[in-house]
Structure formats: C-alpha cells, structure tokens
Amino acid sequence: MRRSTLLRHLGITALAALILFVLTYVLDPFRDYQLATAAAYLCAAAGLTVLTGLNGQLSLGHGALMAIGAYAVALSQNRFSAHGVTALWTLPVSLAAGVVTATVCGAVIGVAAARLRGPYLAGLTLVVAIAVPAMATVFGGVFHGDQGLSVWLPPVPAALGENFPFEQWQAWLALTAALLTMLLLANLIRSRFGRTLRAVRDNEVAARLAGISVARTQVLAFVVSAACAGLGGGMFAVLAQSVSPSAFTLTLSLNLLLAVVVGGLGSLAGAVWGSLLLVLLPYWTDALVGRLVLSPALHQRLAGNLPLAIFGLLLIVVMIAAPGGIQGLLNRAGRWVRGRRPGRPARRAEPFAQEAEPPAPAASRT
Amino acid sequence: MHRIARRGLAVLTTALVVASGAACGRGSSNSTSASVPGVTDTEIVIGTHQPLTGPAAAGYSKISAASKAYFEYVNGNGGVNGRKITYKVMDDGYNPANTQQVVRQLVLQDKVFAILNGLGTPTHTGVLDFLNTNKVPDLFVASGSLSWNQPGKYPYTFGYNPDYTIEGKIIANYLKANFADQKVCVFGQHDDFGADGLKGVQAVLGASGVTHSETYDVTNTNVAPAIGALKAAGCQVTISFSVPGFTALALGTAARVGFKTQWVVSNVGADYATLSGLLKAAGTPLLEGMLSTSYLPAVDDTANPWISLFRKLNEQYNNSAPFDGNVEYGFSVGYLFVQALKAAGKNLTRQGIVQTVEKGGFTGPGIAPFRYSKTDHSGYGGLQMAKVQGGKQLLFGPVYVTDDATGPVQESSPTQQAPPDKGIPA
C-alpha cells in the first residue's frame, strides 16, 4: 500500500513536471516570472496548509520564516560570490542552507509554542512575524537594514543558449522547488505521520490516550512547515535577486494564511489555488483599476489598497458560503457530477468533510 | 478510478487557468513588432517607479505628475520626431520588494523603451542588475547615490541628482568657512543616502570634524531617541540627509525636546513648500533660517525665466498644482529627457540614447553642469547654498563644484542659460 502511494505520487509529479515544462515555453517571460512567483508562494503555502489545516496550529508568522530562508540564501550566495565561486551548484547549496536555517528557527519557535493553543499560539507567531524582519535593521551591519541585500546568482547555464530568458530559468528553479515540496508533503500526509497530525488536531486527549506524543507531533509539524517556508523564502530571494525587510512584512504572513484558507484549508491542491490567487489577484485588480478612468488621487488610493480589500471580501465570502475554499467547491462539483451518473456513491470524503458539508453517512475518514 | 479522475481534473483546471491567464496577457500586451521595444512610428513608451504612497510619498508623488505634464505639452506640439511620449508611472510605496515587481512588469510586460527617473536609493538599487542585464536604458535616477555612477558594471544607468558625497563635501566646505569651531553633527537615513552624505562631510571636515552622527530608518517614525542623542552631544550645527517626511519629523521633534541647532538639510528633503505643508502652523517659525542646498533655481525666484516657464506649464497642463520644488524637479527631468530624445535623432534605439547621454553637453534649468561622459554616469556636479528667510527659500552665494573623490570644492559660475523658444529643446 505504501509503495503504491509513493509510485503514484512520483507519477503525478512527473506528469505535472512535463506539463509545466511545456508551459514555460508557451508563456512569455513576464508570465514565466508570475508562474515562478506562484511556485515560490506554493512552497510556503503548502507547508502552512499542512500545519494549520491538518494539525490545527494557526501560524501568523510564516512570512518571518520565509524571511529567514531568504536572508540565509542571500548571505550564502554573496559569500560564494565574494570568494569567486560561480558554479551552478552554489544555488542548491544556498537553498539547502536556507531550508536548514529556517528549520532550526522553526524548531525553536515550535518548542516555545508547544504548550500554546489557539489565539495564544497565533499571538506568538504574530510577534515572530513582526520582530524577525526588524532584526535586519537592528543588525544593520550584516543585513544592511531597510535597503537590503542584493543576491548574486549564477548565470543561466551556457548549454541553454545565449538568448534563453532568465525568467524562464527562474521559473524552472521555482517549479522544481515547488514540485519537490508537493511530493514530499503529499507522501507525508498519506503516511503514519499524517494520520498522527490529524489525530492531534481532532482530539488531543484521545490522541494522547492512543499513545501519541502530542507535543512532539506539534513541534515536528511546525518544523516541517518551517522548512517549506524557508524554501519558499529562498526562492523569493532568487526571483527578486534581492532581499529586504519590506518584502517580508506582516502582510505576507496574512496573505499566506488568506491564500490557504481561500484555496482550501488542509488540501495541497487548495494551496495551489491559493498561490495562484496571490499572484493573479493584485495583477487583475491593477489591470481593472488601470481600465477605469479616475481622478489621480482616487487612483493612487485604489492602486495600493484594492487587492487587499478584494482579498478580505473574498475571505469573508468564502467563510460564509464555501468554508472548504476553492478546492472544497471543486470537490463538491466533482461529487455532484459523479452523483448524477448511476453507480455507487463516493467511497472517500475529503480531509475536511466535517467543515465543508453536513455529515455524510457514507463518508469515511482517510 | 475517480481519484485519478479528480486529480486529472485538478491538473487540467490548473493548466486551463494558467493558459487563459497567458491568453489574456498575450491579448492585452502591446506587441510592438518594431525591433526597438517601446518605440513605434507614433509613440515612445517609458516607465518609472515612484513612491506615490507610503513613508516617502510626501512631496515625491508630485514629481511624476509634473514630468507627465511636460510630456503632454511636448506631445501637443508635435512630440519628438513625430512620436508622442507615453509615461507609465507605477507605485512602489518606497518598498524595494514592490519596485522589483513593478519594474519587471514595465520591462517584461509593458515593454517600455526606458526607465526614467526611478526614485529612491534603497528601491532602485535592487533593480540595477535586472535593468542592465536586460539592456534597458535606466535614465536619470532620482537619487544621488554613488551606485548609479558605475559605467563599467552598469553601463545603462545614469544618475541625475548630485551625488550625496558631493553634497556632503559642499556643505562641509561651507560650514568650514562660515561656522568654524562649531560642533557639527550628522543625522542621516540608514542606507547609502545617509552613509554617502556622511562620507562626503568627513572628507572635508575629517572624521573628528563630525562630533556625533545618528541615523533613522524609513520604517520607524520615532526619531526622538536620535534627536535626544544629538541634543546630548551639544550639536550646534546639524546636517540632515533626510527625505521630507523625516526632515519634518526631525525639526518637530527637536523643537519638542528643546534642541536648538542650525539645521542644514540636503536638497532631497529641504523643499520649503513640502516641509511647511507637513509642519503646518509650526512650519513658519521652525523653518526660518534653515540652510539647504539646491541645483535648480529657487521656486520663489520669480524673476527666473525657467521658473516662469514651468509655472505657466504647471497651470496649463498640471491642473495648477501647488508649485513647489518637486513640481520644478519633475519639469526639469522631463525637459532633460526630451533634450536627450531630440539629440538621439529619429532612428531611436536603446543603445543610441545611452550614447547620446554619454556625449553630454546638455544645458537646462540647472545651475550646475552635468557630468555625463563615457566614464562618468553621475548627474549634476555642483550645488548652491539656499536659506529660508522671511518665509522664502532663496539661493545665495557662489555655485560650488567638486567630485566624488578627494578633489577640492571649487567655486564656479552658474551654467544656467535662458530657456529655448516655447520651452521645448531644439
């Protein structure tokens, strides 16, 4: 049973990789850049959806973990460049350094937060979200304050040709990271550890009675999501070719949370929808505001704030009308389509059957 | 079986969403089949990133509106070689992360010919690599950082404002002559802006010549600890390398804690109209006697022909916005860009405009010469001192010129010539 899960996931990953590879050729460089940004968001969002959706820990501080990963990558890359090492392998090494740093910090925060629940945990992570980027200003010598650091990157491999768009190369890097994250998390969710996560989320006392170490599980969940956030932040550094504290404000943490909730809490596909929304929504609202003929003052006010306002409204609508998010809606649509066909009813329910629809007698938990 | 179907549906939907996004993008992107991006027979598209919102928006948000107004005037008079100038202004809120996004959008999606007057030292530093890798002319950056003057590393980037080191040297030179034996302190932004300014001051006064220096971060509006430290150090003259919002904060906080000093403010944050707008009723007493520097004629200098020209254009094309240093700056940058376009000729290419700017020889409203050459991409090379007296900010004394390095500060005659006929470069 376990082996078929791994093979199945590997197959899906390979298929997705193929489709995305072709897609990067079809799209123009700007779209490739947007795709790369969405992939970077996906790394962090996938980790967050596992933490919040499957383990019930609300974290408002994942932007800070992304910042830690990003700065680690920036410092590592600049150190390589200072020593004249320009090979391509510096990039995976730096990204690994970013992941490790974020994991360690995630472990520290996770241990500190192991006893906290609900709003208290959210409060702690909120403090982390605000304090960590401020450290760049406090330790200005190393982190260069508000101005930030520029990230040296190895150039596109010569084998790809002279005119290979840099944005496409960045898209490849980001998509590789995202696919890797999705594969690992999908396997994790289907494993015994995933079951443990959900058990702790649903009923801590029952889980403890069943022999599960609740604290250990929660810390491990935090560590896993922190590693994902670190990878996402590292990709941010690679895409923007610079890091600064203003790229990792509290808004980023809240946006990540919004994305996973609107996309579908607890499901990896939901994280995909959420990441796409994070990239496309500001872009669409900018286009919308650009089409309207407004006075300059009103235009100024709208341009900065409309995406946030729409996101907020979307969250409210989703919470009221479709708590399962976009993925929940898709699942419902899929079940409705299947229900129309004569045949046996659905064997499985989605991870969030409890919240998404009234208890279905045939539903069984995975 | 249905699990695979569901997965397949998810993959398919993703592909469809992204493809439709791509299709929309393809449809809306202005595909100029001309080989030069942003240039057609009838249009030149340029872009900029400006802080229209955020901590540095005070005053700076008016610059791009003024440049746009000047381009409208030129377009109404036939444009440049028959081409109308379209100026796309994107807001980055003085946030380097946003600058990355909007500049990429301008270059990759809107396919602009050049980036003009990108504003901010921290914001623009992050996009230097991107612009130069993509060979996009990065003209007349609205900042005095030394980073724009690296012709070897960033051949497509040109500065406009005088370098902060030059400004620091000129201010220090003036203080040495007129405020000798007084304690001089420096209050600067915590990035290249403040650091370069301090370096310039120390180049003339020596490291020991600066009694104490403090910094501020744009993200932290509490300057009271810094001002308190300056007061404790007994500063008699305080040089401030600050944006207008923080100049106002510094002046106001100093008044609140009873810190009396002679303020000398960098041209970046010293515009009288902007500051009195921020300080409101307290502005009149607090700003009296403030020293600053300038490389453009004083806004209150009504006898100057450039000021009357810009005021007229401001009324006609800029909705009669309050005419202050930022509006004047916007018009001056617009004028210089049109000059460069005309000099580049009808066969307009990215490489061509870079070479044109390197040839230099531009004259305009500036009172100091430009330093553009093949080996020097920095902007203005000199400044004049200005003082606020009786509610008017006017220039006085000679024009000082110097360089980024150890060259001496020398006096020079003003380079300003009368504006051309109709205010459009020949």
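The model shown is predicted, which means the values in this text are computed figures rather than measured ones.

Cut-offs applied
- Residues numbered from 1 in each chain as written.
- Chains lettered and ligands numbered in written order.
- Predicted model: local features only at pLDDT ≥ 70, side-chain atom pairs only at ≥ 80, totals over all residues.
- Helix = DSSP H or I, 4+ residues; strand = E, 2+ residues; numbered from the N terminus.
- Contact = placed C-beta atoms within 7 Å.
- Rg over C-alpha atoms; globule rule 2.2 N^0.38 Å.
- Buried ≥ 20, exposed ≤ 12 C-beta atoms within 10 Å, placed from the backbone.
- Axes fitted to C-alpha atoms, helices over the stretch in contact; angles between N-to-C directions.
- Parallel < 35°, antiparallel > 145°, perpendicular 65-115°, else oblique.
- Nonpolar A, V, L, I, M, F, W, Y, C, P; charged D, E, K, R; others polar.
- Pairing = 2+ DSSP bridges.
- Domains from an automatic or database assignment.
- Core = buried A, V, L, I, M, F, W, Y, C linked by C-beta atoms within 7 Å.
- Expected span 1.5 Å × (residues − 1).
- pLDDT = per-residue confidence, 0-100.

1. A closer look at the overall build of chain A
Alright, step 1. A count of helical and extended segments in chain A gives 15 helices and 2 strands.
Alright, step 2. By sequence separation, contacts in chain A at least 24 residues apart represent 79% of the contacts at least 6 residues apart.

2. Quick look at the overall build of chain B
Alright, step 1. Regarding its fold elements, chain B presents 14 helices and 13 strands.
Alright, step 2. Computed over C-alpha atoms, the radius of gyration of chain B comes to 23 Å, within 12% of the 22 Å expected from 2.2 N^0.38 for 426 residues, which places it in the range of a compact globule.
Alright, step 3. Viewed in the frame of its principal axes, chain B has a C-alpha envelope of about 80 × 60 × 40 Å.
Alright, step 4. The buried share among the 426 residues of chain B stands at 57%.

3. Digging into the packing of helix α7 (residues 166-190) of chain A against helix α10 (residues 214-240) of chain A
Residue and element names in this part refer to chain A.
Alright, step 1. Interhelical geometry of α7 versus α10 gives an angle of 175° and a closest axis separation of 10 Å. Classed by the angle they form, the pair α7 and α10 counts as roughly antiparallel. When α7 is examined against α10, the residues Gln170, Leu173, Ala174, Ala177, Thr181 and Leu188 are found in contact with a partner set consisting of Val224, Cys228, Leu231, Met235, Val238 and Leu239.
Alright, step 2. Looking at the contact of α7 with α10 residue by residue, the class counts come to 10 nonpolar, 2 polar and no charged.

4. Some words on the sheet that holds strand β2 (residues 84-91) of chain B
Residue and element names in this part refer to chain B.
Alright, step 1. Spatially, the 5 strands line up as an open sheet ordered β2-β1-β3-β4-β5, and their pairing is parallel. The strands lining the two open edges of the sheet, one partner per strand, are β2 and β5 (157-159). Neighbour to neighbour, the strand axes of the sheet diverge by 20° on average, direction disregarded.
Alright, step 2. Pairing between strand β3 (residues 114-116) and strand β4 (residues 138-141): 2 bridges, direction parallel. Its bridge partner lying in β4, Leu116 is registered against Leu139.
Alright, step 3. Across the face of the sheet, helix α2 (residues 57-76) comes into contact with β1 (43-50) and β2 while running at roughly 165° to β2.

5. Overview of the packing of helix α3 (residues 62-82) of chain A against helix α11 (residues 250-264) of chain A
Residues and elements named next belong to chain A.
Alright, step 1. At a minimum axis distance of 7 Å, the contact between α3 and α11 shows a crossing angle of 115°. Residues His62, Gly63, Ala64 and Met66 of α3 lie in contact with α11, whose contacting residues are Leu250, Leu252, Ser253 and Leu256.
Alright, step 2. Its residues placed into classes, the contact of α3 with α11 shows 5 nonpolar, 3 polar and no charged.

6. A look at the domain arrangement of chain B
Residue and element names in this part refer to chain B.
Alright, step 1. Domain boundaries in chain B define domain 1 (43-162 + 300-381) and domain 2 (164-294).
Alright, step 2. Centre-to-centre, using C-alpha coordinates, domain 1 lies 27 Å away from domain 2.
Alright, step 3. Contacts between the two partners involve 17 residues from domain 1, matched on the other side by 16 residues from domain 2.
Alright, step 4. Split into classes, the residues belonging to the side of domain 1 that touches domain 2 amount to 8 nonpolar, 8 polar and 1 charged.

7. Structural notes on the nonpolar core
Alright, step 1. The biggest cluster of nonpolar side chains holds 228 residues, and the ones touching the most others in it are Ala39(A), Leu42(A), Cys43(A), Ala45(A), Ala46(A), Ala70(A) and Ala174(A).
Alright, step 2. The two domains that each donate at least three residues to this core are domain 1 (43-162 + 300-381) and domain 2 (164-294) of chain B.
Alright, step 3. With sequence-adjacent residues up to four places away left out, Ala70(A) is seen in contact with Gly98(A), Gly233(A), Gly234(A), Phe236(A), Ala237(A), Val243(A) and Phe248(A).

8. Side note on the pairing of strand β11 (residues 382-389) of chain B
All names here are of chain B.
Alright, step 1. Across the 8 residues of β11, 6 count as buried, placing the element largely inside the fold.
Alright, step 2. Pairing between strand β10 (residues 291-294) and β11: 4 bridges, direction antiparallel. Looking at β11, one finds that Ser294 is bridged to Gln384.
Alright, step 3. Looking at chain direction, β11 and strand β12 (residues 392-401) are connected through 8 bridges and run antiparallel. Note on β12: the bridge partner recorded for Ala386 is Leu395.

9. Considering helix α4 (residues 90-113) of chain A
All names here are of chain A.
Alright, step 1. When the terminal C-alpha atoms of α4 are compared, their 34 Å separation across 24 residues agrees well with the 34 Å that a helix rising 1.5 Å per residue should span.
Alright, step 2. Regarding α4, the residues found buried are Ser94, Leu95, Gly98, Val99, Thr101, Ala102, Thr103, Cys105, Gly106, Ile109, Gly110 and Ala113.
Alright, step 3. Contact partners of the buried residues in α4: α3, α5 (118-138) and α10.

10. Some words on the environment of Gln355(B)
Alright, step 1. With respect to the helices, strands and loops of the structure, Gln355(B) is situated in helix α14 (residues 350-359).
Alright, step 2. Sequence separation of Gln355(B) and Lys374(B) is 19 residues, and the distance between their C-alpha atoms is 8.2 Å.

11. Some words on the sheet that holds strand β6 (residues 184-189) of chain B
All names here are of chain B.
Alright, step 1. Across the sheet, which stays open at both edges, the 8 strands sit in the order β7-β6-β8-β9-β10-β11-β12-β13 with mixed pairing between neighbours. Every other strand in the sheet has two partners, leaving β7 (210-216) and β13 (410-412) as the edge strands with one partner each. Adjacent strand axes in the sheet meet at a mean angle of 30°, parallel and antiparallel pairs treated alike.
Alright, step 2. Across the face of the sheet, helix α8 (residues 224-232) comes into contact with β6, β7 and β8 (237-241) while running at roughly 175° to β7.

12. Notes on unusual backbone geometry
Residues and elements named next belong to chain B.
Alright, step 1. Of note, Lys280 is a non-glycine position whose phi angle comes to about 55°, a positive value.
Alright, step 2. Position of Lys280 among the secondary structure elements: in the loop between α10 (272-279) and α11 (283-287).
Alright, step 3. The phi torsion at Lys422 lies on the positive side, around 65°, for a residue other than glycine.

13. A closer look at the confidence of the model for chain A
Alright, step 1. Across chain A, pLDDT averages 86, with 89% of residues at or above 70.
Alright, step 2. Across residues 353-366 of chain A, confidence stays below pLDDT 50; counting only partners more than four residues off in sequence or on other chains, it has 16 contacts.

14. Topic: the environment of Tyr329(B)
All names here are of chain B.
Alright, step 1. Its place among the elements puts Tyr329 in helix α13 (residues 325-344).
Alright, step 2. The exposure class assigned to Tyr329 is buried, which follows from the 26 C-beta atoms found within 10 Å.
Alright, step 3. Taking the C-alpha atoms as reference, Tyr329 lies 29 Å from Ala255; in sequence the two are 74 residues apart.
Alright, step 4. Those residues in contact with Tyr329 that sit more than four places away from it in its chain are Ile63 and Leu296.

15. As for the environment of Thr52(A)
Residues and elements named next belong to chain A.
Alright, step 1. Tracing the backbone through its elements, the reader meets Thr52 in helix α2 (residues 29-54).
Alright, step 2. Given 23 C-beta atoms within 10 Å, Thr52 falls into the buried group.
Alright, step 3. For the pair Thr52 and Val261, spaced 209 residues apart in the sequence, the C-alpha separation amounts to 9.4 Å.
Alright, step 4. Each residue touching Thr52, except ones within four places of it in the same chain, is listed here: Gln57, Leu58, Ser59, Val260 and Leu265.

16. Remarks on the pairing of β4(B)
Alright, step 1. Note: β4(B) against β5(B), 2 bridges, orientation parallel. Counted as the bridge partner of Asp138(B) is Thr157(B) from β5(B).

17. Notes on α2(B)
Residues and elements named next belong to chain B.
Alright, step 1. The end-to-end C-alpha distance of α2 is 29 Å, a good match for the 28 Å that 20 residues give at a rise of 1.5 Å each.
Alright, step 2. Across the 20 residues of α2, 16 count as buried, placing the element largely inside the fold.
Alright, step 3. Immediately downstream of α2, the backbone of Gly78 shows phi near 100°, a positive value.

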